[in-house]
Amino acid sequence: MSTTDSRPTLPSPRGSLSERILQALRTDPGGLVTDAAAVALAEPEDAALTLWVLQELSYRGFQDVPETAEWEPPVLAVRRHLQVDLEARLRSRWPGHQVPESDFAEALLQFIQDDDGPSVASYVHTHATEEQVLELLRWRSIYHLKEADPSTWTLPRLTRGPKAALAELQYDEYGAGRPDRLHAHLFAEAMAALGLSTRPGAYLDECPLEVLEMNNAMSLFGLDGRLRGASMGHLAAFEVTSSVPSGHLVRGLRRLGLAEEIVEYYAEHVIADSVHDQLATRLICAVLAEDEPEQAEDIFFGAFTCLDQEARCARTLLGRWGVAA
Amino acid sequence: MIADDVTLDDSGETMVCPGGPLLLRGVSSYTDEAGIAHRVERPVVAVCRCGYSGSLPWCDSTHKRLPPDRRPS
């Protein structure tokens, strides 16, 4: 274990399934023995934590897990059970949506903008305390410290037009060639300026089911090429609903006098995501729906899932803060 | 309307987004209608067309909060 290794160590288990899997990952991933029934019987938080860990093996992994674990068949078998279960749960929440016969981009934009989920950003703008904002940032760090990575999995699965557009969007997310402008790095710098840990997953143990599931859904959509429509629909909803709330956060963070780095991080997203939302809806999703019409409904499913997951997290957080959502 | 009379670098590509901004690809600067050149550091940049952005000349998505009949066509 290197002292310069910036990867996290495994989080704490949340039940018998994760306890068993985490132990096997540390010691002998290839020798893991877990039957499907044990996976199916796991409590939701136990299952979500286990899936988060297993999907994380396809990102940068953990200091205390051998890198060979990612492709060990018994580890993949558990991951697959949990992914199938998660997808079924996400689809059970999806009310469906008529695929538009024309002007796909406008219909998708409208669908996303019609969402009226609770807004944490509006509350931060006017009321949140510093302590509450730091809690929000710790929860958000699970995603933002690897910002944009889940969508990158989708890139090679796309046809020409959406691929070029996604590459263009991701190039901006990854700093347009400048490592110091990587969005994930800007977030890490802001965390450091606030006295928080920049190690990925450092705050996972305090994150509730809703945060785990939100991150798991993004990784599932990215990692499974069959779900490329959902992945890009999720990206579109994320980008379309980013700029205006980021503006609320900028004003709230300034109101509280928090470090300029975190203000700058959200100010960057006000402008960047006013580009990315257009790319995601018009040049990625609309063209994907034209090239691969069988993916069209999943684009809406992915957008819905993004909005639904965001609403679930917002209700949980605002509930903790005693705010009616 | 801010970006109707846009000045582009030779390599510029443009895309008008109905109800939203003007996207410019591959430009190193953007000259606004007052003749002021703004440096561009993104592969694609969105220029405000509604006139209400708080970060002119760039779009900040304020158009999303305008009633549809007040958004740029």
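In what follows, the structure referred to is the one given above.
What you are looking at is a predicted structure, and each value in this text was computed from that prediction instead of being measured. (Residues numbered from 1 in each chain as written. Chains lettered and ligands numbered in written order. Predicted model: local features only at pLDDT ≥ 70, side-chain atom pairs only at ≥ 80, totals over all residues. Heavy atoms only, no water.)

## Let's talk about the pairing of strand β1 (residues 13-16) of chain B
All names here are of chain B.
Reasoning step 1: Two elements, β1 and strand β2 (residues 22-25), share four bridges in a ladder whose sense is antiparallel. Its bridge partner being in β2, Glu 13 is matched across the sheet by Arg 25.
Reasoning step 2: The loop that links β1 with its antiparallel partner β2 comprises five residues; one of these, Gly 19, has a positive phi angle of about 80°. (Pairing = 2+ DSSP bridges. Helix = DSSP H or I, 4+ residues; strand = E, 2+ residues; numbered from the N terminus.)

## Describing the sheet that holds β2(B)
Residues and elements named next belong to chain B.
Reasoning step 1: The strand order across the open sheet formed by three strands is β1-β2-β5, and the pairing between neighbours is antiparallel. Of all the strands in the sheet, just β1 and β5 (44-47) have a single pairing partner and so form its edges. For this sheet the average axis-to-axis angle between neighbouring strands, irrespective of direction, equals 20°. (Axes fitted to C-alpha atoms, helices over the stretch in contact; angles between N-to-C directions.)

## Description of the packing of helix α5 (residues 104-113) of chain A against helix α15 (residues 296-320) of chain A
Residues and elements named next belong to chain A.
Reasoning step 1: Axis separation between α5 and α15 bottoms out at 10 Å; the angle between their running directions is 25°. Here α5 lies roughly parallel to α15, going by the angle between them. Helix-helix and strand crossings are classified by hand; for α5 and α15 the assignment is right-handed. Across the interface between the two elements, Phe 104, Ala 107, Leu 108, Phe 111 and Ile 112 from α5 touch Ala 296, Ile 299, Phe 300, Ala 303, Phe 304 and Leu 307 from α15.
Reasoning step 2: For the contact of α5 with α15, the per-class residue count stands at 11 nonpolar, no polar and no charged. (Parallel < 35°, antiparallel > 145°, perpendicular 65-115°, else oblique. Left-handed = near helix turned anticlockwise from the far one by under 90°. Contact = heavy atoms within 4.5 Å. Nonpolar A, V, L, I, M, F, W, Y, C, P; charged D, E, K, R; others polar.)

## What about a negative patch on the surface?
Reasoning step 1: On the surface, A:Asp180, A:Glu189, A:Glu261 and A:Glu264 cluster together to form a negatively charged patch.
Reasoning step 2: As for its position among the elements, A:Glu264 is in helix α14 (residues 260-291). (Patch = residues over 30% accessible without salt bridge, like charges linked within 9 Å, V, L, I, M, F, W, Y side chains within 5 Å. Areas by Shrake-Rupley, 256 points an atom, 1.4 Å probe, with all protein chains shown as cover. Salt bridge = Lys/Arg side-chain N within 4 Å of Asp/Glu carboxyl O. Lys, Arg positive; Asp, Glu negative; His and termini not counted. Charge placed at Lys NZ, Arg CZ, Asp CG, Glu CD.)

## A short note on helix α9 (residues 160-173) of chain A
Reasoning step 1: Between its first and last C-alpha, α9(A) extends 20 Å over 14 residues, near the 20 Å set by a 1.5 Å rise per residue.
Reasoning step 2: Along α9(A), the residues classified as buried are A:Pro162, A:Ala165, A:Leu166, A:Glu168, A:Leu169, A:Gln170, A:Asp172 and A:Glu173.
Reasoning step 3: Next to the buried residues of α9(A) lie α8 (149-152), α10 (183-193), α12 (228-240) and α14 of chain A together with β2 and β5 of chain B.
Reasoning step 4: A:Gly175 sits one or two positions beyond α9(A) and adopts a positive phi of about 90°. (Expected span 1.5 Å × (residues − 1). Buried < 20%, exposed > 50% of the residue type's maximum accessible area, 1.4 Å probe, protein only.)

Function-wise, these values are silent; they only describe arrangement.
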